[in-house]
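Okay, here's what each chain looks like letter by letter:
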Amino acid sequence: MSLSCQTFTTLLGIFKVRCQRVGCLLLFALGICGGAPGVCPSTCICASDIVSCTNKNLSMVPRSLFKFIKKLDLSYNKIGFLDPDWVPVLFDKLNTLVLNHNTVSSISTGSFSSTPHLKYLDLSSNHLRILSNPVFQELKGLEILLLYNNQITHIDSGAFGGLHKLQKLYLSRNSIAHFPIDLYTGRMKLPELALLDMSYNQLHAVPVQQISIAPAWQLSEIYLHGNPFTCECSFNSMLNFWYHRHFSPVVDFKNEYTCFLQPDSKSSTKLPLIQETFMNCSDSAVNSSFHAFGFVYEAQIGTRLVVHCDSKIIDTSTHFIWVSPDSRLLDPESRMANFQVFYNGSLEIKEAQYEDSGVYSCIAMNRRKLLNETIDIRITVSNFTTGRSHAHEAFNTAFTTLAACVVSIILVLLYLYLTPCRCRCRSRSQPKKQGQSSAHSSILSATPPHEATAETKSSTGKRVVFLEPVKEQMHGQNGKVRLFPNDHLIAESILKPNRMRADTDSISSVFSDTPFMAPV
């Protein structure tokens, strides 16, 4: 319908006969001129499927817009709150929405349900402070999101959940203090994110080990300049690594990557981050970054090894060629005994050998973009004993010590609880004869036994005497060996003379297992 207020006079004359009342004429005029759907508002400029309503003090979207528009510019207005009703009608074909330089301070869930097919959303230069989750979940096809120059201090882990097609995210010039690592790891990661701008925020550190999981085509477009970083060797080695790989964020803004020795102090020394000799950092910090980013591989003899060509120009039109240390060309079409190159650029060594060690070069060529990149990767092959790292050796030593302690404790418990007590069992199993006591029980216990014989009961105060036999052999009565050269001398020196036993009894008591008992 292309009617306008200019045709109102003609239509008024035609319908004058049927509409006699002034109310009827007013209603008809409002129906034609009052902003029916499909009419370009007077405050906007319309050009086919593009509508521009900039700098018109608007607080909401005009209701008389074309439904088939593809681009809507509402910048430099006074739109302050986005809720499910801020867009009056469903714009099914709208793919570009510009809302920069407004006063947007809050975005509620469902705010973009009327614009489900957006690919470009500009919310820069507003008053946003917190991005809760999820606020963009309706925008399944969003590719570019601009949120720079706001006041954002916190981003929930699921704030960008559902944006599986997002390719570029601009968060510069905010007050963000933590790097959003969830964009690259975890279930909320954005698989197609190719550019992240975190420049000029309040970042003090970056999780180097976690971010190394991301491929090179994502790392090559992370902008981190202009942040008050704390000087760290691992972060310096990562930036140097990016610089040597010619990543544009560190090459183009090299002088804006600085750090502070003491970030909390106003008079702290400010140092450039991208430099070779940085704070006397050891080679281990630099080598760890090369290990983390997949440029140093270690393998054991006879094992299978797969090496990835982590190029920043990987896509469906990229072709890969590997060059071995002995200058052999390896590509997906070639068939080698121990090597195979896959079409995604990975190199497989089926059974690693000593002679496979060396520097391999991966050449990535993109014919569509007319770009190529060469990546050098070092592979070291060793056996199990000599090629183990210090971490493995420390782990093996600790494990061996722990296992030895456990075995020792088990053996002690077995000895204490499973070994039978022979003395106690023997003393219980063999009854004592009358007039005879056990030498073992006499040794173990100084107290007299409970079950005493008649002779023991009749005499009290007995002493136990252990005598060693005399080596000199003296023939006594009946050819027996006399242990004592003078019975009377020993008896007088040890025992009381009132109750003396015979020599035969003394000899038999010595040769038996029982001690020599002498009455007092």
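Residues numbered from 1 in each chain as written. Predicted model: local features only at pLDDT ≥ 70, side-chain atom pairs only at ≥ 80, totals over all residues. Heavy atoms only, no water.

Novice: Describe in detail the overall build of the protein, supporting the description with residues and values.
Specialist: On a plain count of helices and strands, the protein comes out with 13 helices and 28 strands. Within the protein, the proportion of its 520 residues that are buried is 35%. Intrachain contacts of the protein at a sequence separation of at least 6 include 60% that bridge at least 24 residues. (Helix = DSSP H or I, 4+ residues; strand = E, 2+ residues; numbered from the N terminus. Buried < 20%, exposed > 50% of the residue type's maximum accessible area, 1.4 Å probe, protein only. Contact = heavy atoms within 4.5 Å.)

Novice: Lay out the packing of aromatic side chains with the relevant residues and their values.
Specialist: By the definition in use, this model includes eight aromatic pairs. Aromatic pair F112 and F136: ring centres 5.9 Å apart, planes at 25°, arrangement stacked. With a gap of 24 residues between them, F112 in the loop between strand 6 (106–107) and strand 7 (120–122) and F136 in the loop between strand 8 (130–131) and strand 9 (144–146) connect regions that are remote in the sequence. The class of F112 is buried, set by a relative accessible area of 0%. Aromatic side chains W242 and F247 sit 6.1 Å apart centroid to centroid with 45° between the ring planes, which places their arrangement in the tilted category. We note that W242, like F247, is buried. Grouping aromatic residues by their ring pairs yields a cluster made of F112, F136 and F160. One Lys or Arg, R173, reaches over the ring of Y200 and ends 4.3 Å from the middle of that ring. (Phe/Tyr/Trp six-rings, centres within 6.5 Å; stacked < 30°, edge-to-face > 60°. Lys NZ or Arg CZ within 6 Å of the ring centre and 35° of its normal.)

Novice: Help me get a handle on unusual backbone geometry, residues and values and all.
Specialist: One non-glycine residue with positive phi stands out, namely N55, at about 55°. Here N55 lies in the loop between strand 2 (50–52) and strand 3 (71–73). Classification of N55 as exposed rests on a relative accessible area of 57%. We note that N57 has phi near 55°; this positive angle belongs to a residue other than glycine. With respect to the helices and strands, N57 occurs in the loop between strand 2 and strand 3.

Novice: Quick one: what's the story with the pattern of salt bridges, residue by residue and with numbers?
Specialist: Enumeration over the complete set of coordinates arrives at five salt bridges. Between R245 and E373 there is a salt bridge, and its shortest N-O distance comes to 2.6 Å. With R245 in the loop between helix 5 (233–244) and helix 6 (248–252) and E373 in strand 24 (residues 371–382), this residue pair connects regions lying 128 residues apart in the sequence. Take R245 and E373: they sit in the same class, and that class is buried. Measuring nitrogen to oxygen at the nearest pair gives 3.0 Å for the salt bridge that ties R328 to D326. When its relative accessible area of 47% is taken as the criterion, D326 is described as partly exposed. (Salt bridge = Lys/Arg side-chain N within 4 Å of Asp/Glu carboxyl O.)

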